[in-house]
2 protein chains.
Amino acid sequence: MPAIPARNTGAHVVYAELKRRILSLDLKPGERIYEPAMATALQVSRTPLREAIRRLISENLLEQQPTGGVVVPVLDEAEISELYEVRAAVESLMARNACLKATPADLGELHGILARNAALVEFADDAMQQGMALHARIALIAGNSWAGRFHEQVASQMERYRHYTNSTQRRRDQALAQHRALVEAIAAGDPERAAKVAFEHVMGARDAAVRALSGKNGAGS
Amino acid sequence: MPAIPARNTGAHVVYAELKRRILSLDLKPGERIYEPAMATALQVSRTPLREAIRRLISENLLEQQPTGGVVVPVLDEAEISELYEVRAAVESLMARNACLKATPADLGELHGILARNAALVEFADDAMQQGMALHARIALIAGNSWAGRFHEQVASQMERYRHYTNSTQRRRDQALAQHRALVEAIAAGDPERAAKVAFEHVMGARDAAVRALSGKNGAGS
DNA sequence: ATCAGCGTACTTGTATACAAGTACGCAGGC
DNA sequence: GCCTGCGTACTTGTATACAAGTACGCTGAT
């Protein structure tokens, strides 16, 4: 019946571009978005731009002000803590589920990621990437699509803070050890232990991030 | 600088109305939404209608089909289980946090809800309402806005399934006892215990719901 | 009678034109 | 010099007109 324009609609492109700019802090927290100016800048009309904006508002990557107008949400030290807590809860659940569903092939995959993780432990960015890859894989194994959705949303949000939460070498070593313990628990098929390890691992990351942020006392330099 | 039309925009009204119809199953799962027809039915143009639709898609209350067109998502026994699991994880976190933040006034409030809950345990709908009230209150006390957001979203989703998951008297008695244990743990300031009780309480609700659904083997009568 | 090919109609996506309302600036008076 | 009141300009929200593309139905031929 219908007619679909190939899923490459302008609104999707604009959404992706705006999201990229928000997460990369190219659009600065607190900055307001004016529809006509942004529309001309992105070479589209206001209609698809508005569609993208509304979607980003739904995902809490933009904020509609009570006084009107949309702004990029400001960063807030309390919020990053909340995000880590929710992520801890969700990842804990996923670790628990992964215990029950992991196949031998899955376990092999996890060990492979772990090995790459270990090799890259001294490079902050790569270590972070591999760490996220491990969690993403566990999310896949857990097979709870709702948990996956929320996890992804939280990860997006945290992306904005990442620029200010550089990890220390000590923290990365600790994270690697916890990742090992997590995979071990999953391999052992011990859901309670996996859940507990995952929870405390992410809560540890929270503490490290909060410490890093409060050390700089905000954002700038 | 800006101009705001009082936050009573047509798009918001349409959003609320569509959401109501979806959650009440007035719009049936699987049903497709045609923009022109729905727009005339709701007395607005396609523009605000589309805005409402896109927002509902973001909240997973509508689904954009790969072939084009948007439909009301179909109900799926596996999904309700996933929703309960995520809710368990989130409520577990909130119970943990509530332990650390609850004031004496909060505890009094919780006990009050508990008393009303006990008085209504034989009426399925009211018991459900009071149960949700308890969890909502705990969410408030926990003070994690992200957890609150996700919890609300999950609760909305589950609303659609509620019509098919009537609780038994036995299950309601059990839930009441678990609610008591939960409040007790919060009052005692024992985060681990509160988290565990909350988690297992919701997981118990999951099992009951899945049993109720599979008993009917689907939906109808 | 059945199948193939084309035309039409209906869908969604986009652009633009229009409406309403607010905040800012400027001018005039005290 | 400062305050007040009005006018203008700019914002967002809405409607409508336009474009593109697909699926269905109809007609004709085999």
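Refer to the structure presented above.
Summary of the structure given here. Along each chain, numbering runs from 1 in the same order as the chain's sequence is written. A letter from A marks each chain and a number from 1 marks each ligand, given out in the order of writing. Reporting in this predicted model follows two pLDDT cut-offs: at least 70 for local features of residues, and 80 or more for side-chain atom pairs to be given and counted; totals over whole chains, interfaces and linings ignore these cut-offs and use all residues. Water and hydrogen atoms were dropped before computing side-chain values, which therefore reflect all heavy atoms in the structure.

### What about the sheet that holds strand 3 (residues 70-71) of chain A?
Residues and elements named next belong to chain A.
Phase 1 of the analysis: Strand order in the open sheet formed by three strands is 1-3-2, and the pairing between neighbours is antiparallel. Looking at which strands have only one partner, the edges of the open sheet turn out to be strand 1 (32-33) and strand 2 (63-64).
Phase 2 of the analysis: A pair of strands is considered paired only if DSSP assigns at least 2 bridges between the two. Working definition: helices are DSSP H or I runs of at least four residues, strands are E runs of at least two. Numbering for both runs from the N terminus. Inspection of the sheet shows strand 2 paired to strand 3 by two bridges, in the antiparallel sense. Bridge pairing in strand 3 links Glu63 to Val71.

### Quick notes on helix 8 (residues 169-188) of chain A
All names here are of chain A.
Phase 1 of the analysis: To estimate how far a helix should reach, multiply one less than its number of residues by 1.5 Å. An ideal rise of 1.5 Å per residue puts 28 Å on 20 residues; helix 8 measures up with 29 Å between its terminal C-alpha atoms.
Phase 2 of the analysis: The set of residues buried in helix 8 consists of Arg171, Arg172, Ala175, Leu176, Gln178, His179, Leu182, Val183, Ala185 and Ile186.
Phase 3 of the analysis: Of the residues one or two after helix 8, Gly189 is the one with positive phi, at around 70°. Classification of residues uses two cut-offs on accessible area relative to the type maximum, computed with a 1.4 Å probe and protein chains only: under 20% is buried, over 50% is exposed, and between them is partly exposed.

### Section: the interface of chain A and chain B
Phase 1 of the analysis: The criterion used for residue contact is that any of the two residues' heavy atoms lie within 4.5 Å. With 38 residues of chain A at the interface, the matching set in chain B holds 38 residues.
Phase 2 of the analysis: Across the interface of chain A and chain B, roughly 3,300 Å² is buried in total on both sides, 56% from carbon and sulfur atoms.
Phase 3 of the analysis: The three residues of chain A that bury the most area against chain B are Glu82(A), Trp146(A) and Phe150(A), which together make up 20% of that side's buried surface.
Phase 4 of the analysis: Each salt bridge in this description consists of a side-chain nitrogen of Lys or Arg and a carboxyl oxygen of Asp or Glu lying within 4 Å of one another. In this assembly, chain A and chain B are joined by four salt bridges.
Phase 5 of the analysis: Between Glu51(A) and Arg54(B) there is a salt bridge whose closest N-O contact spans 2.8 Å.
Phase 6 of the analysis: Here a polar contact means two N or O atoms within 3.5 Å. Within protein one must be a hydrogen donor candidate and the other an acceptor candidate, and residues neighboring in sequence count only if both atoms are side-chain atoms. Inspection of the chain A/chain B interface yields 14 residue pairs in polar contact (both at pLDDT 80 or more).
Phase 7 of the analysis: At the level of elements, helix 3 (46-58), helix 4 (77-101) and helix 7 (145-162) of chain A are the ones that each hand at least two residues to the side of chain A that touches chain B.
Phase 8 of the analysis: Here the side of chain A that touches chain B takes nine residues from helix 4 of chain A, the largest share from any one element. Here's the idea: put two parts together, see how much 1.4 Å probe accessible area each one loses, and the total over both is what we call buried area.

### Things to note about the packing of helix 4 (residues 77-101) of chain B against helix 6 (residues 124-142) of chain B
All names here are of chain B.
Phase 1 of the analysis: Fitting a line to C-alpha atoms yields each axis, with helices limited to the stretch in contact; the angle taken between N-to-C directions then spans 0 to 180 degrees. Remark: helix 4 packs on helix 6, axes separated minimally by 8 Å, with the N-to-C direction vectors making an angle of 55°. Looking at the two axes, helix 4 sits oblique to helix 6. For the pair helix 4 and helix 6, the crossing hand works out as left-handed. Packed against helix 4, whose contacting residues are Arg87, Glu91, Met94, Ala95, Asn97, Ala98 and Lys101, the element helix 6 presents Met132, His135, Ile138, Ala139, Ile141 and Ala142 at the interface.
Phase 2 of the analysis: We call Asp, Glu, Lys and Arg charged. Ala, Val, Leu, Ile, Met, Phe, Trp, Tyr, Cys and Pro are nonpolar, and the rest, Gly among them, are polar. Grouping the constituent residues of the contact of helix 4 with helix 6 by class yields eight nonpolar, two polar and three charged. Orientation categories follow fixed angle ranges, with anything under 35 degrees roughly parallel, anything over 145 roughly antiparallel, 65 to 115 roughly perpendicular, and all other angles oblique. What makes a crossing left-handed is the near helix being turned counterclockwise from the far one by less than a right angle; a clockwise turn instead makes it right-handed.

### Let's talk about the sheet that holds strand 1 (residues 32-33) of chain B
Phase 1 of the analysis: The sheet built from three strands is open, its strands ordered 1-3-2 (chain B) with antiparallel pairing. The open sheet has two edge strands with one neighbour each: strand 1 and strand 2 (63-64) of chain B.

### A few points about the pattern of salt bridges
Phase 1 of the analysis: Going through the model one piece at a time under the given rule, you end up with 26 salt bridges over all chains.
Phase 2 of the analysis: Between Glu159(A) and Arg162(A) there is a salt bridge, and its shortest N-O distance comes to 3.2 Å. Separated by three residues within a single helix, Glu159(A) and Arg162(A) lie in helix 7, roughly one turn from each other.
Phase 3 of the analysis: A salt bridge links Arg21(B) to Glu17(B); the nearest nitrogen and oxygen atoms lie 2.7 Å apart. Within this pair, Arg21(B) and its partner Glu17(B) are both found in helix 1 (residues 10-23), separated by four residues, close to a single helical turn.
Phase 4 of the analysis: The network of salt bridges with common partners includes Glu35(A), Arg46(A), Arg50(A), Arg54(A) and Glu51(B).

### Thoughts on the packing of aromatic side chains
Phase 1 of the analysis: Between rings of Phe, Tyr and Trp, where Trp is taken as its six-membered ring, a pair exists when centres lie within 6.5 Å; planes separated by under 30 degrees are stacked, by over 60 edge-to-face, and by other angles tilted. In total, this model carries three aromatic pairs over all chains according to the counting rule given.
Phase 2 of the analysis: Measuring from ring centre to ring centre gives 5.7 Å for Trp146(A) and Phe150(A), while their planes differ by 55°; the resulting arrangement is tilted. With Trp146(A) and Phe150(A) both in helix 7 and four residues apart, this pair spans about one turn of that helix.
Phase 3 of the analysis: Residue Phe150(A) is classed as buried on the basis of its relative accessible area of 1%.
Phase 4 of the analysis: An aromatic cluster is defined as three or more aromatic residues linked by ring pairs; in this entry it consists of Trp146(A), Phe150(A), Trp146(B) and Phe150(B).
Phase 5 of the analysis: Only Lys NZ and Arg CZ are tested; either one counts as a charge over a ring when it is within 6 Å of the ring centre and within 35 degrees of the ring normal. Here Arg55(A) stacks its cationic end above the ring of Tyr15(A), 3.7 Å away from the centre of that ring.
Phase 6 of the analysis: Taking NZ or CZ as reference, Arg149(A) lies 4.2 Å from the ring centre of Trp146(A), over its face.

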